[in-house]
Amino acid sequence: MSWVSSLCALYDTNAWRAGEIEMWNRGGKLYSLMLLPLSHTTVRARIEITLDQDGNLLEARMLGKDEPSETIAPATEEAVSRTSTTVAPYPLFDSLKYVAGDFLDHVKIELDTQKKIDDARKHIADCFPKYIDFLNRWCTSDFAHPKVCAVYQYLSRKTVAGDLIEHGVLLLDKTGFASSRQKINGEELPKATVRFRVRMNNEVTPSDILCDLHNSFDSAMWLDKTVQQSFIDFYASLPAAEDLCYMSGEITRTSALHPKKIRYDGDGTKLISANDDSNFSYRGRFNTKDKKTGYNEALSIGYKISQKAHNALKWIIRRQGFTRDGVCVITWESALNDMPGFYESAASIMAALPEDTDEAELIEDMLFNDEEAAQPDTNYASAEDFNAALDGYASKLSDTSKMMVITLDSATPGRLAMIYYKELDSSRYLDNIRLWHESCCWRHEYIKDKKLHGYEGMASIRDVATAVYGTEQGKEKSSKRIELRKNSDGKCPMLISAFDRLRPCIIDGAAIPRDMVRAAVMKASNPLAYEVKFNYNKVLHIACSLVKRLYWEKKKRNESEGVILEMELDRSKNDRSYLYGRLLAIAEDIERRTYERDETRVTNAERYMQAFVQNPFRTWPMIQRSIKPYLNSLKPGSRKFYKDLFGEITGLFADGDFEAKNALNGKYLIGYDCQRTVLQAYQPKGKSNPEENKTDDIEEEE
């Protein structure tokens, strides 16, 4: 299926939701969520007017700041694409300059120059006639609705601005006019949107209201599905050009103007658009240069197909899309079962496990987790826990379940591009996520509620991007975090790049970018760039994950360097880089053991780390000499322990490896981190490591 077909199928499956406002819980917060009916959009209302069924005014008021203002409004193609200079009214709910026939009689236009004032008055004078004319056509059609007719009767009297003054919504100045600069809930007067309630004099019983599936007894016209259907039928009855729809292959009514507000309400970008009126791009290729019909020779899309695809895309983005720093990623399962995002960390996937997952199965899986018993930290989630979480997701899937993945990006403020689309079996999608986290599995940490939490698996793509390309920023130590640099548009190009390059590795099993692994190793080899230890550990562990994935891929390709690197310390491993990494960790631990409780001074091992990676044989004697005083200050038992450990490791070097002048590869980080973890677990009596579990001076992550 194409992306249009997938979105249309999503709309058809959930068509029963169209026109309803649901409260959607996302991340612990409630959001209003709606699947728009065809020929409708959303507007933010500032003023609400209540009428009776004969069009008489009952109440006019300004909406409170905390009141829900999102309003489902009928919309024509021209209205959703209008600019500040064009006159294209929404059919029912529109801004005050459109619905108030007496706007210029009560509102004084205040702008910088007289020419601007004259142009604005001319523009506003054209708004109401077009608005009321279209509303009249609706009310005199076969699809007229009594509530809409009540609104028409009221508006045709041209008393809206005067009524709003009487009800205290518009405030008059000394000249007896309301200023156009007056703001209503942050919106200037001419642009303040008005919505209507109509109270019908029907005799309604409680059972009528309970059985009212279309909200026809609700005075709120924006929630009344009979009003919505009335406009859909009326708009479909209007004459329109028909042509071949390139998406469905049918001869049908086509759409030249496609909706905006795709990623969020203020989004002005369009996914499908063209403004090549001068024919420069397609010179000589088509028969006509006519602005209204010429575009059809390049592409024509059916109106209904366009509406369904765009409305479904808007709905699924607001329901479960991931939008951050210019990146918009949407994943959904064909039956809308909860599924993990490929870009999430193992911890996030486990935290988002569906609540109704069979707990008995998960408990049974965890009982067989031998490693967990040896893990004293109760805030630690193991790889077995992660696999059990994925099994929980998989248990809800049918055999025909499909997974769709879409990525959107905007190169300019007006254009939106779909840079990735893929449809695959849901079981394969889960298997690929499982394989990604298994092949990158390492220990990672995050802070929540001032507590350090650990998990096994892979970090999120965003964390990988910040670790590889970010720098530590913040004035105070407690606020220092690793951040990515943003450009003038407020986007993070390196984050977008990381999504583009790591997405195929996760979804398609592609090879991990080598330059990204090298950059991660270089970052982790420079601990002096990080003042907060938590930040460095984050970079180090993500680098270990990427290095592990690199050698895992080589192993799968049967390359000689390929190896499966384990998270546990391998005391028999004689790889040169791995052994040198272990030596570096021991040197660091010896010096740190002598520190006072709150001492966080940089160790000599950390200071020499970058030089050590380039030429360990030449740098190691310098590190040895610098740690000698610290080694001698230890108790005899500890001193003997470290000396024996040095001897054990140096004895594992193959002939010539220790003296070789080659630089170390990324495996030295694996040996360094494994040895460091083992030594941190070793605590001589009466001494504690000052860095261990220190979270008081670190701000919580998102």
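Attention in this report is confined to the structure presented alongside it. (Residues numbered from 1 in each chain as written. Predicted model: local features only at pLDDT ≥ 70, side-chain atom pairs only at ≥ 80, totals over all residues. Heavy atoms only, no water.)

## Digging into the overall build of the chain
So, point 1. The helix and strand inventory of the chain stands at 25 helices and 23 strands.
So, point 2. When the 702 residues of the chain are sorted by exposure, 50% land in the buried category.
So, point 3. Taking as baseline every contact in the chain between residues at least 6 positions apart, the subset at least 24 positions apart corresponds to 70%.
So, point 4. Accessible area for the chain stands at about 33800 Å²; split by element, carbon and sulfur atoms hold 49% of it. (Helix = DSSP H or I, 4+ residues; strand = E, 2+ residues; numbered from the N terminus. Buried < 20%, exposed > 50% of the residue type's maximum accessible area, 1.4 Å probe, protein only. Contact = heavy atoms within 4.5 Å. Areas by Shrake-Rupley, 256 points an atom, 1.4 Å probe, with all protein chains shown as cover.)

## Structural notes on the pairing of strand β4 (residues 57–62)
So, point 1. Bridge analysis of strand β3 (residues 40–52) against β4 gives five bridges, and the strand direction is antiparallel. Bridge assignment links Ile 47 to a residue of β4, and that residue is Met 62.
So, point 2. Here β3 hands over to β4 after four residues, with Gly 55 in that stretch at a positive phi of 85 degrees. (Pairing = 2+ DSSP bridges.)

## Quick word on the sheet that holds strand β16 (residues 327–333)
So, point 1. What the four strands build is an open sheet, ordered β15-β16-β18-β19; its pairing is antiparallel. Unpaired on one side and paired on the other, β15 (322–324) and β19 (415–425) mark the two borders of the sheet. The mean angle between the axes of side-by-side strands here comes to 15 degrees, regardless of whether they run parallel or antiparallel.
So, point 2. As paired strands, β16 and strand β18 (residues 402–412) are joined by six bridges and run antiparallel to one another. Note that in β18 the partner of Ile 330 across the bridge is Ile 406.
So, point 3. On top of the sheet, helix α1 (residues 3–13) reaches β16, β18 and β19; it is set at about 75 degrees to β19, its chief contact.
So, point 4. Contacts between helix α17 (residues 493–507) and the sheet are confined to β15, β16, β18 and β19, with β19 contributing the most and set at about 15 degrees to the helix. (Axes fitted to C-alpha atoms, helices over the stretch in contact; angles between N-to-C directions.)

## Considering the sheet that holds strand β21 (residues 451–457)
So, point 1. In space, the three strands of this open sheet follow the order β17-β21-β20, with mixed pairing throughout. In the strand order of this sheet, the two ends are held by β17 (380–381) and β20 (442–448), each with one partner.
So, point 2. Of the strand pairs in this sheet, β20 and β21 are connected by seven bridges, and their pairing is antiparallel. By the bridge assignment, Arg 443 is partnered in β21 with Glu 456.

## Describing the pattern of salt bridges
So, point 1. With the rule as written, the count across this model stands at 41 salt bridges.
So, point 2. Between Asp 508 and Lys 422 there is a salt bridge, with the nearest N and O atoms lying 3.4 Å from each other. Residue Asp 508 is located in the loop between α17 and α18 (514–524), and its partner Lys 422 is located in strand β19; the two are separated by 86 residues in the primary sequence.
So, point 3. Relative accessible area serves as the criterion here: at 22%, Lys 422 is assigned to the partly exposed category.
So, point 4. Counted as one network, the salt bridges with shared partners bring together Arg 443, Lys 533, Glu 588, Arg 592, Glu 606, Asp 673 and Arg 676. (Salt bridge = Lys/Arg side-chain N within 4 Å of Asp/Glu carboxyl O.)

## Some remarks on the packing of helix α16 (residues 461–469) against α17
So, point 1. Here α16 crosses α17 at 125 degrees, and the two axes come no closer than 9 Å. Taken together, the axes of α16 and α17 are oblique relative to one another. Judged by the sense of rotation from one axis to the other, the crossing of α16 with α17 is right-handed. Facing α16, whose interface residues are Ile 461, Arg 462, Val 464, Ala 465 and Tyr 469, α17 presents Met 494, Leu 495, Ala 498, Phe 499, Arg 501, Leu 502 and Ile 506.
So, point 2. Partitioned by chemical class, the residues of the contact of α16 with α17 number 10 nonpolar, no polar and two charged. (Parallel < 35°, antiparallel > 145°, perpendicular 65-115°, else oblique. Left-handed = near helix turned anticlockwise from the far one by under 90°. Nonpolar A, V, L, I, M, F, W, Y, C, P; charged D, E, K, R; others polar.)

## Quick look at the packing of aromatic side chains
So, point 1. Overall, the coordinates contain 22 aromatic pairs when judged by the stated rule.
So, point 2. On the basis of an interplanar angle of 80 degrees and a centroid distance of 5.3 Å, the ring pair of Phe 342 and Tyr 343 is categorised as edge-to-face.
So, point 3. Taking the relative accessible area as the measure of exposure, Phe 342 reaches 1% and is therefore buried.
So, point 4. Residue classification places Tyr 343 among the buried residues on the basis of a relative accessible area of 8%.
So, point 5. Measuring from ring centre to ring centre gives 5.8 Å for Trp 620 and Phe 646, while their planes differ by 65 degrees; the resulting arrangement is edge-to-face. (Phe/Tyr/Trp six-rings, centres within 6.5 Å; stacked < 30°, edge-to-face > 60°.)

## Quick word on the pairing of β19
So, point 1. Where β18 lies against β19, nine bridges are found, and the strand directions are antiparallel. Note on β19: the bridge partner recorded for Thr 412 is Arg 415.
So, point 2. Between the antiparallel neighbours β18 and β19 lie two residues.

By themselves, these are just geometric observations and shouldn't be taken as functional.
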